[in-house]
Amino acid sequence: MSDVRIGFLIKQVYYMNQARLNVMFAEFDLTATQTFTLIYLFKAHEDGRIINQRDIERDLDISNPTVTGILNRLEHKGLILRKMNPADARVKNIVVTSEALELDKILRKKFQENEKQLVEVLSEEEVSELSRMLEKILSADI
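Here the structure is a predicted model, which means the values were calculated and not measured.

### Some thoughts on the overall build of the chain
Alright, step 1. When helices and strands are counted, the chain shows six helices and three strands.
Alright, step 2. Ordered by position from the N terminus, the helices and strands of the chain form the series α-α-β-α-α-β-β-α-α.
Alright, step 3. Overall, the C-alpha framework of the chain stretches about 55 × 35 × 25 Å when taken along its three principal axes.
Alright, step 4. The buried share among the 142 residues of the chain stands at 30%.
Alright, step 5. In the chain, of all internal contacts separated by at least 6 residues, the share reaching a separation of at least 24 is 51%.
Alright, step 6. Accessible area of the chain: about 10,100 Å², with a carbon and sulfur share of 55%.
Alright, step 7. Between the mean site of the 20 positive side-chain charges and the mean site of the 23 negative ones, the chain shows a separation of 5 Å.

### Quick look at helix α4 (residues 64-76)
Alright, step 1. For α4, which comprises 13 residues, the first-to-last C-alpha distance of 18 Å matches the rise-based estimate of 18 Å (1.5 Å per residue) to within 8%.
Alright, step 2. Buried within α4 we find V67, G69, I70, L71 and L74.
Alright, step 3. Buried positions along α4 lie against α2 (32-47), α3 (53-60), β2 (80-85) and β3 (88-96).
Alright, step 4. Following α4 by one or two positions, G78 adopts a phi angle in the positive range, close to 80 degrees.

### Some words on the packing of α3 against α4
Alright, step 1. Following both chains from N to C, one finds α3 and α4 inclined at 120 degrees, their axes separated by 10 Å at the closest point. One element, α3, and the other, α4, form an angle in the oblique class. Our pair here, α3 against α4, has a crossing hand that is right-handed. Listed contacts from α4 to Q53, I56 and E57 of α3 are N64, V67, T68 and L71.
Alright, step 2. Looking at the contact of α3 with α4, its residues break down into three nonpolar, three polar and one charged.

### Re the environment of E46
Alright, step 1. Take E46: it is sitting in helix α2.
Alright, step 2. Of the residues examined, E46 reaches a relative accessible area of 52% and is grouped as exposed.
Alright, step 3. Every residue in contact with E46, bar those within four places of it in the chain, is listed here: D104 and R108.

What counts, and at which threshold
Residues numbered from 1 in each chain as written. Predicted model: local features only at pLDDT ≥ 70, side-chain atom pairs only at ≥ 80, totals over all residues. Heavy atoms only, no water. Helix = DSSP H or I, 4+ residues; strand = E, 2+ residues; numbered from the N terminus. Buried < 20%, exposed > 50% of the residue type's maximum accessible area, 1.4 Å probe, protein only. Contact = heavy atoms within 4.5 Å. Areas by Shrake-Rupley, 256 points an atom, 1.4 Å probe, with all protein chains shown as cover. Lys, Arg positive; Asp, Glu negative; His and termini not counted. Charge placed at Lys NZ, Arg CZ, Asp CG, Glu CD. Expected span 1.5 Å × (residues − 1). Axes fitted to C-alpha atoms, helices over the stretch in contact; angles between N-to-C directions. Parallel < 35°, antiparallel > 145°, perpendicular 65-115°, else oblique. Left-handed = near helix turned anticlockwise from the far one by under 90°. Nonpolar A, V, L, I, M, F, W, Y, C, P; charged D, E, K, R; others polar.

Now the structure itself:
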């Protein structure tokens with residue numbers, strides 16, 4: 001395993017995918033990271049979960065300053081609202097607007113298209129194996 005460059009290859013695939021998603025979502029004036037955040041919020045909305053900034057930081061593994069910037073831009077675009085948490089005035093709940101909910105199905109469909117394009121050079125068996133191996137790496141206590 002002296003010439004194995006798995007980390008480098010994963011990083012390159014990540015950057016390639018981010019660039020593709022940024023192009024794909026530019027028509028909505030969104031970046032890939034903003035869209036990931038919105039989809040996370042859409043799913044929480046569907047499940048009836050109340051989300052705050054710390055939830056986003058933890059669940060998406062994004063730093064506090066980065067999440068603050070993402071939320072500021074999404075709020076400026078009218079896609080989210082920050083609402084006072086009745087249980088703790090220091091905490092703001094993040095809520096998607098009706099304008100954002102109109103984008104929900106479109107954005108998810110675009111993500112699905114990207115997923116298909118990302119692995120179109122692989123067989124179904126290879127896609128399953130790659131997914132299994134990546135999940136195994138992610139769940140390892142490294």
